[in-house]
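Below, each chain spelled out in residue letters.
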Amino acid sequence: MATDNFASDVEKNGGPMAEELEGKHNAVTSTILASSALERKLVWRQDKRIVPLAAGIYFLCYLDRSNIGNAKVLNSSTHNDMQTETGASNLQFNIALMIFLIGYFLFEVPSNILLKKLRPSRWLAFLMFSWGAITIGLGGVKNYPQLVGVRFLLGAAEAGLFPGLVYYLTFWYKTDERSVRVAFILASATLAGAFGGAIAYGVGHMNQTHGLSAWRWLFMLEGIPSCLSAILVWFFLPDYPERAKWLSEGEKDLAAQRLYLEGAKGSAASMTWDDAKATLTDWRLYGHYAIYFAVSLPFSSLSLFSPSIVAGLGYHDLEAQLFTVPPWAVAYVVQILVSWSADHFNARGYHCAGAAVVGAAGFLASAVLPPDDYSGRYGCLIVGTAGGFACIPPMLGWLTSNMWSTASIGLAVALNVSIGAGLGQIPGVWIYKADEAERGYPTGHGVNCAMLFVVAIGALALRFFYGRKNKALMSAAADGITPRLYKL
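Reading the values: rules and limits
Residues numbered from 1 in each chain as written. Predicted model: local features only at pLDDT ≥ 70, side-chain atom pairs only at ≥ 80, totals over all residues. Heavy atoms only, no water. Phe/Tyr/Trp six-rings, centres within 6.5 Å; stacked < 30°, edge-to-face > 60°. Buried < 20%, exposed > 50% of the residue type's maximum accessible area, 1.4 Å probe, protein only. Helix = DSSP H or I, 4+ residues; strand = E, 2+ residues; numbered from the N terminus. pLDDT = per-residue confidence, 0-100. Contact = heavy atoms within 4.5 Å. Salt bridge = Lys/Arg side-chain N within 4 Å of Asp/Glu carboxyl O. Core = buried A, V, L, I, M, F, W, Y, C linked by side-chain atoms within 4.5 Å. Axes fitted to C-alpha atoms, helices over the stretch in contact; angles between N-to-C directions. Parallel < 35°, antiparallel > 145°, perpendicular 65-115°, else oblique. Left-handed = near helix turned anticlockwise from the far one by under 90°. Nonpolar A, V, L, I, M, F, W, Y, C, P; charged D, E, K, R; others polar. Lys, Arg positive; Asp, Glu negative; His and termini not counted. Expected span 1.5 Å × (residues − 1). Polar contact = N/O pair within 3.5 Å; in protein donor to acceptor, adjacent residues only side chain to side chain. Disulfide = S-S within 2.5 Å.

Section: the packing of aromatic side chains
Under the counting rule described, the total for this entry stands at 22 aromatic pairs. Relative to Trp 172, the ring of Tyr 168 lies with its centre 6.4 Å away and its plane at 55 degrees, an arrangement referred to as tilted. Here Tyr 168 matches Trp 172 in class, with each residue buried. Here Phe 323 and Tyr 378 contribute two aromatic rings whose centre-to-centre distance is 6.0 Å and whose plane-to-plane angle is 70 degrees, an arrangement assigned as edge-to-face. Remark: Tyr 378 occurs in helix H16 (residues 374-390) and Phe 323 occurs in the loop between helix H13 (317-322) and helix H14 (325-344); sequence separation between them is 55 residues. On the accessibility criterion, Phe 323 (27% relative accessible area) is partly exposed. Within the aromatic cluster, the residues linked to one another by ring pairs are Tyr 58, Tyr 62, Phe 162, Phe 299, Trp 328 and Phe 389.

See below:
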């Protein structure tokens, strides 16, 4: 068949399937020629290869990033915690947390460009080995200047991982398949938060083993798996569908057809200045950047201060580590369910807004409840964590779904995470003030509540904007032609 000849392996050869369709709203909206059963089989094969490995990578990344929150209070009752032994004041310790985000902000965009140039498996493996080695190095810092320097290097090494993984998924999955897979990856961060507390609880009993404080053991033991896993990523993470040796030729053809309109292309040219200029001046994207900035405050503050927040609820030392587990465990489940529903019903804006409102309610209640209402405030912490984290995967899936060229996707994702997870997380370092512990951290909870309401309003505004754009596209379309519409 002529159609079969057209579809056959052209993505690998730079043929028609590699054509970029940025802005072409009059393109045919469906090019899948195979049965849905074959497509489901292909997606399942991809999932088995990609999702567990990608989630595992981010799990280790997040574990190595956030364990400083555990180290800060680990064995504090015996003055063997990280803050005491490095001689850092509360202000200095927060600066050490913030400097990580400076490195994170500076290196995200360059990293996504290098991911496309060098192959995902090679670049991500390099980053993984680097941050693992740096995490091990954190176990050896002896003073505040060393702590600041190593944390900056850790931020630079980890910067490219999350935007790189989100970008990487666009080479393999259609727009209505991405949010839930981003959720599985991001949910591994909540899993890392849960395991991090449990691991810190166990490692806390190693205090003064071989003359080393437990927080030093924590960094060393959690950095080693990242270094070792980098080898697995180098050899087993597939780069692009057209290069996957474990896919048959027919499956490669189907993968190319599936992503004709809705995916990034491994064979596409590197980003040009025109690509960059078009993405930088696409003003609707700044709405996405703004709501990601807002959600990054609860994301970063909970990541770094959960042990301190729980300690302020009447739990102390090793017990505080253990009680950080339930909020993360609940958030893991909620995140995946919300993301699946958002993709399934093409309602990412409404799901972002709904989850944000639930999270805001949790933080609002935490801020106004009496400081000694420990059980009520702990329950609100669980609700706030679940709601705040659940709106992130649909937000990222929404952004990538409404970008239609390989270069624009890579740059937009990097800018989104750089502005949000880089700059946006910096205020999150400062909102949970140590001198407010006895009052229940009203400033931290109040700011997170306000930011989640900003997310809800912004998500609804974007949903309204895209709805109007789609109506205009439908009105302008020729009879019998269904234009490519923005995802909602």
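Once the structure has been displayed, the description carries forward.
Examining the confidence of the model for the protein chain
Confidence along the protein chain averages 86 in pLDDT terms, with 90% of residues attaining 70 or more. Low pLDDT, under 50, characterises residues 26-34; the predicted model gives this stretch 18 contacts beyond four residues in sequence or across chains.

Section: the pattern of salt bridges
Opposite charge on two side chains permits them to pair, given that their charged atoms come into close proximity. As enumerated under the stated definition, the model contains twelve salt bridges in all. Across the pair Glu 39 and Arg 258 runs a salt bridge whose closest N-O atoms are separated by 2.7 Å. With Glu 39 in helix H2 (residues 36-73) and Arg 258 in helix H10 (residues 249-258), the pair connects residues that are 219 residues apart, well separated along the chain. Assigned by exposure class, Glu 39 and Arg 258 land together as buried. Note that Asp 282 is salt-bridged to Arg 284, the shortest N-O span being 3.2 Å. Sharing partners across several salt bridges, the network here consists of Glu 39, Lys 174, Glu 177 and Arg 258.

A closer look at the nonpolar core
Grouped together as the largest cluster of nonpolar side chains are 132 residues, with contacts concentrated most on Tyr 58, Met 82, Trp 131, Phe 162, Trp 172, Tyr 292 and Cys 391. Residue contributions to this core peak at 14 residues, all from H2. Contacts of Phe 162, omitting those with residues within four sequence positions, involve Tyr 58, Tyr 104, Val 182, Leu 186, Tyr 292, Leu 396 and Val 417.

A few points about the packing of helix H15 (residues 348-368) against H16
Between H15 and H16, the least distance of the axes is 7 Å, while the angle of their chain directions is 155 degrees. The angle between the axes of H15 and H16 places the two elements in the roughly antiparallel class. Handedness of the crossing formed by H15 with H16: left-handed. For the pair formed by H15 and H16, the contact residues are Ala 355, Ala 356, Val 358, Gly 359, Gly 362, Phe 363, Ala 365 and Ser 366 on the first element and Arg 377, Cys 380, Leu 381, Val 383, Gly 384, Thr 385, Gly 387, Gly 388 and Ala 390 on the second. Along the lines of polarity and charge, the residues of the contact of H15 with H16 split into nine nonpolar, seven polar and one charged.

Description of the side chain of Arg 377
Position of Arg 377 relative to the elements: it lies in helix H16. For the buried Arg 377, no salt bridge exists, and the shortest N-O distance to an oppositely charged side chain is 7.0 Å, to Asp 372. When near neighbours in sequence (up to four residues on either side) are disregarded, Arg 377 contacts Gly 312, Leu 313, Ser 366, Leu 369, Pro 370, Pro 371, Asp 372 and Gly 440.

Considering H16
Under the 1.5 Å per step criterion, the end-to-end length of H16 is 24 Å for 17 residues, consistent within 8% with the ideal 24 Å. Of all 17 residues in H16, twelve are buried, a share of seventy percent or more. Within H16, burial applies to Arg 377, Tyr 378, Cys 380, Leu 381, Ile 382, Gly 384, Thr 385, Ala 386, Gly 387, Gly 388, Phe 389 and Ala 390.

A closer look at the environment of Glu 242
Mapped onto the elements, Glu 242 comes out in the loop between helix H9 (214-236) and H10. Note: C-alpha distance between Glu 242 and Ala 198 (44 residues apart in sequence) is 41 Å.

Here we look at the side chain of Arg 284
Mapped onto the elements of the fold, Arg 284 is located in the loop between helix H11 (273-280) and helix H12 (285-311). A distance of 2.9 Å separates the side chain of Arg 284 from the side chain of Tyr 466, its partner in a polar contact. With residues up to four places along the chain from it excluded, the contact list for Arg 284 reads Asn 402, Met 403, Leu 462, Phe 465, Tyr 466 and Tyr 486.

Some words on the state of the cysteines
Enumeration over the complete set of coordinates arrives at zero disulfides. Looking at the unpaired Cys 227, the closest cysteine sulfur is the one in Cys 61, lying at 13 Å. You can call Cys 227 buried: its relative accessible area is 12%. With no disulfide of its own, Cys 391 lies closest to Cys 352 among cysteine sulfurs, the gap being 6.0 Å. Assessed through its relative accessible area of 0%, Cys 391 is described here as buried.

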